[in-house]
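If you want the building blocks of each chain, they are given just below.
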Amino acid sequence: MVPAIETRGLSKQYGRTVAVDGIDLTVDTGDVFGFLGPNGAGKTTTMRMLTTLTKPSSGEATVAGEDVRDRPAVVEHIGYLPEEPPLFDEFTGREMLEYYAGLRDVSEADARIADLLERFDLADAADRRTDGYSKGMKQKTAIAAAILHEPEVLFLDEPTSGLDPRAARTVRETIADLAAADTTVFLSTHILPVVEELADTVGVLYEGSLVAAGAPESLAERAASGGGTLEDVFLEVTGGTGER
Amino acid sequence: MNRRQGYLVGRAEFRRRVRAVTDDRRQLVAMAITGLFVAVGMVGAIAAAYFGGVAVREGNIEDPVSLAEPLGAGVLVFVGFIVLVREMNQGEPPALAGHLTTVTGPTLAFGYLLVEYAITGLFALPLVVFGSFAFGLGAADPLLGLTTLTAILGLWLLAVPLWKGFAYALQYAFARVPALARHKTAIGIAAFVAYMGVLTTGEADSVLGPFVSALAVTPAGWFAHLALFPVDGSPTLAAGALGVAAVATPLAGAATLRLADAVWHADPLPADESDAGEKTHESTGPGIEARLPISRPTAAVVRRCWRRGLRAPITLVYVPYPLFFMGPPIGQSVAAGEVVAALPVLGALYAPWAVGAAFSLNPLGDEGVVLPGTITSGVGGRRYVAGRVLAGSLVGAPLAALLVLALGAVSPLSLSGTAALAALCLIACPAAAAAAAGFGATLPNTDASTVFRSREAVLPSPWAFLGYSLVVVIAMAPALLAWYPATASLVAGDGGDIAIQGGATLLSAVIAVIAGGVGFRIAASAVDDFEMN
């Protein structure tokens, strides 16, 4: 079976600065992959390479079996939630989803949009402009836009950042539902409990390199402190301390 | 009101504004260029002041006070105009919540008032001081220079808080008066159009003249007596001017601080046209893709452009800029009371330019935060650019043709010229839009600029604007030269050889189509290959 995401020596350089340095990783279909790393580690650059928004300097990467250098082929299979919700202030939530449905030529879009608005508890606000939405509502609308076309691989950049507990729970449940339906989720976040709860595998990026990868439990066991948490692992491999 | 805190606020804000300009190379260059023109104007004004003084000394001016009364009122209006436009443009002060939880509203407003004095003074004081000195020198009367300086300073000290207060009062009215709050976008657009109309037609004198004349018979006119007191100003009115400055300035200042405080603490009423919380779903009916042979993604881009254009017209603020060049024929038409033949010809240049610029001149940057979503949607460069081109052309091309037909019909331009230029518009509009997309996609601008009252918009890059404008001018030049009254005889002979004029129009159409085709290909591949680095 072709892995949902596979990279070999994936690198990105900006001039002399190495943003991502030879990443090797494999994410199986239907897995939730938790992508961790401190600010500036290269997470967003990696996601941009995997979503075709930027070209790798070297190395190989495939998403849903397609080379990431082939944008038209890759984007058919993916959904992407950038860190900042990609919404026009002047549009209503429904219009935003209609726009994305139009761009992607989603069939039976009206029913799909109505279903997603209902699922994300946005139906009542659907015909209000998004500049009047709370951060959680914007994030939920953006996630709805990212999964509108039922992508095989979903890239989420900080999907629960700044959300209230109820909205965060809706997002977590959605990710779990998607994974249960065999959607592969590439989840970049700083919120470690979310990764612990949802991720099948975890990768920790530090200064452009993948410094740890594996199941959350096995990583935690490997932590120097022994039997620690994902936070211990994170701090240990990113130059901090695992001791509390 | 705490003066010490006010000084601190003023100093910090002044430093912030200076850095905002000096940190932005483009603004700095624009300031330097403007400064050169201003410097030349100042030298001219100082020279005029000197010769004015000479004329007073030699008794060449029969009644200098009567002449100076409107000038005094003019200073009040001019300073007021500058302060008003600046204040209305600035919007809410930065970090307002932080400031208002640290100092009182009047203290904050005091700081901002000091900044206004500092900034207007920075530009005006050298002119005022040297101009007054030159006036006194010309009149060979140092006292006259001194009284002139005192009068102008008095007017300036009064004008700043007076008009700043008026600007705050307007803001308060637009925030709290339902009828104004509801239609503030429409009123803003109407005001902008009127402002542009006055500037392009050169009718500022006839608009402001009656206002200045009316002010001249109020105490504002007394400052002329103060300035010319050593010549033949009335001592009573001169003293009155000093009294007005001494009493009205602190009163206006106090009122300004109160009004600012009221504005900053006002709960704005919702505006119907742009209410963030208002339900704005509209039935779009059958999609345009059902009526036109275009793909659904292209139709989605067209709809998106129209919606954003209608709901955020401020994003199209650059489109009327070239109207400045239409000023002379518009002014001539206004003065003559009939449409001059040049107007439909220039309309045939501007309309395709505007249609092309409206939705295509920054096709990537205009997406803002939505750009990653658009790029990864799979829409593809060709369909995306086609949507942008159609968004402008579907509405703009027929409108442009109608505009030229209407102007041509009521002007001395021949019927054949009118028809040729209208037909050219139908071809030039989509071609211009495609050419614009080529420039905009190659030279995208993704940085938002503050356009009006803290409202930010991502405008096309100046280089795309310039390059695109040049191409439109080059493409339209043969037709324009063949039909423009001043050049038609040079191109097509005295009677106007219709074959030459028709050929020139055809040549324009061919150049436009080629430019559009090239632009489209460049734009489509730029969108396909766009990288977010």
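One structure accompanies this document, and this report is about it. Note that the structure is a prediction, hence the values are computed from the model and not measured. Positions within a chain are numbered from 1, following the residues in the order the chain's sequence is written. Chains and ligands are labelled sequentially in the order written, the chains with letters from A and the ligands with numbers from 1. Note on the predicted model: pLDDT of at least 70 is required for a residue's local features to be given, and 80 or more for side-chain atom pairs to be given and counted; whole-chain, interface and lining totals, by contrast, use all residues. To get the side-chain values, all heavy atoms of the structure are used, and hydrogens and water are removed first.

### Description of the sheet that holds strand β2 (residues 17-27) of chain A
Residue and element names in this part refer to chain A.
Right, so step 1: Two strands pair under a simple rule: DSSP has to find at least two bridges between them. In this text, helices come from DSSP runs of H or I with a minimum length of four residues, and strands from runs of E with a minimum of two, each type numbered from the N-terminal end. Spatially, β2-β1-β4-β5 is the arrangement adopted by the 4 strands of the open sheet, whose pairing is antiparallel. Each edge of the open sheet carries a strand with a single partner, namely β2 and β5 (66-67).
Right, so step 2: Bridge count for strand β1 (residues 5-14) against β2 is 7 bridges, and the pairing is antiparallel. Of the residues in β2, the one forming a bridge with E6 is T26.
Right, so step 3: Packing of helix α1 (residues 43-50) onto the sheet brings it into contact with β1, β2 and β4 (58-63), and relative to β1 it is tilted by some 120°. Note on contacts: a residue pair is in contact if any heavy atoms of the two residues lie within 4.5 Å. To get an axis, fit a line to the C-alpha atoms, keeping to the stretch in contact for a helix; angles then go from 0 to 180 degrees between the N-to-C directions.

### Some words on the environment of I187 of chain B
Residue and element names in this part refer to chain B.
Right, so step 1: By secondary structure assignment, the location of I187 is in helix α8 (residues 184-201).
Right, so step 2: Given the relative accessible area of 32%, I187 is considered partly exposed.
Right, so step 3: Separated by 13 residues in the primary sequence, I187 and F174 place their C-alpha atoms 9.9 Å from one another.
Right, so step 4: Excluding its chain neighbours within four sequence positions, the residues that come into contact with I187 are F174 and L180. For every residue, the accessible area (1.4 Å probe, protein chains only) is compared with the maximum for its type, and the residue is labelled buried under 20%, exposed over 50%, or partly exposed between those bounds.

### Comments concerning the packing of aromatic side chains
Right, so step 1: Two rings from Phe, Tyr or Trp (for Trp, the six-membered ring) form a pair when their centres sit within 6.5 Å of each other. Planes less than 30 degrees apart are called stacked, planes more than 60 degrees apart edge-to-face, and all others tilted. Per the counting criterion, the structure on display carries 18 aromatic pairs over all chains.
Right, so step 2: A ring pair is formed by F155 of chain A and F186 of chain A, whose centres lie 5.4 Å apart and whose planes are at 45°; its orientation type is tilted. Of the two residues, F155 of chain A sits in strand β7 (residues 153-157) while F186 of chain A sits in strand β8 (residues 184-188), which places them 31 residues apart along the sequence.
Right, so step 3: Connected via pairs of aromatic rings, a cluster forms that spans Y321, Y350, W353, F465 and Y468 of chain B.

### A closer look at the interface of chain A and chain B
Right, so step 1: Counting residues at the interface gives 40 residues for chain A and 39 residues for chain B.
Right, so step 2: Accessible surface is computed with a 1.4 Å probe, and the buried area is the amount of it that two parts give up when combined, taken over both parts together. Of the roughly 3,300 Å² buried where chain A meets chain B, counting both sides, 56% is carbon and sulfur surface.
Right, so step 3: Note on definitions: salt bridges are taken to be side-chain nitrogens of Lys or Arg within 4 Å of carboxyl oxygens of Asp or Glu. Taken together, the links from chain A to chain B amount to 5 salt bridges.
Right, so step 4: The salt bridge partner of R308 of chain B is E90 of chain A, with a shortest N-O separation of 3.0 Å.
Right, so step 5: In protein, a polar contact means a hydrogen-donor-capable atom and an acceptor-capable atom, both N or O and within 3.5 Å, with residues adjacent in sequence counting only if both atoms are side-chain atoms; elsewhere, any N or O pair within 3.5 Å suffices. Summed over the shared surface of chain A and chain B, the result is 16 residue pairs in polar contact (both at pLDDT 80 or more).
Right, so step 6: Elements supplying a minimum of two residues to the side of chain A that touches chain B: β1, α2 (71-75), β6 (78-81) and α3 (93-104) of chain A.
Right, so step 7: No other element matches α3 of chain A, which puts 10 residues into the side of chain A that touches chain B.
Right, so step 8: Put simply, Ala, Val, Leu, Ile, Met, Phe, Trp, Tyr, Cys and Pro go in the nonpolar bin, Asp, Glu, Lys and Arg in the charged bin, and everything else, Gly too, in the polar bin. A breakdown of the residues in the side of chain A that touches chain B according to their chemical character gives 18 nonpolar, 6 polar and 16 charged.

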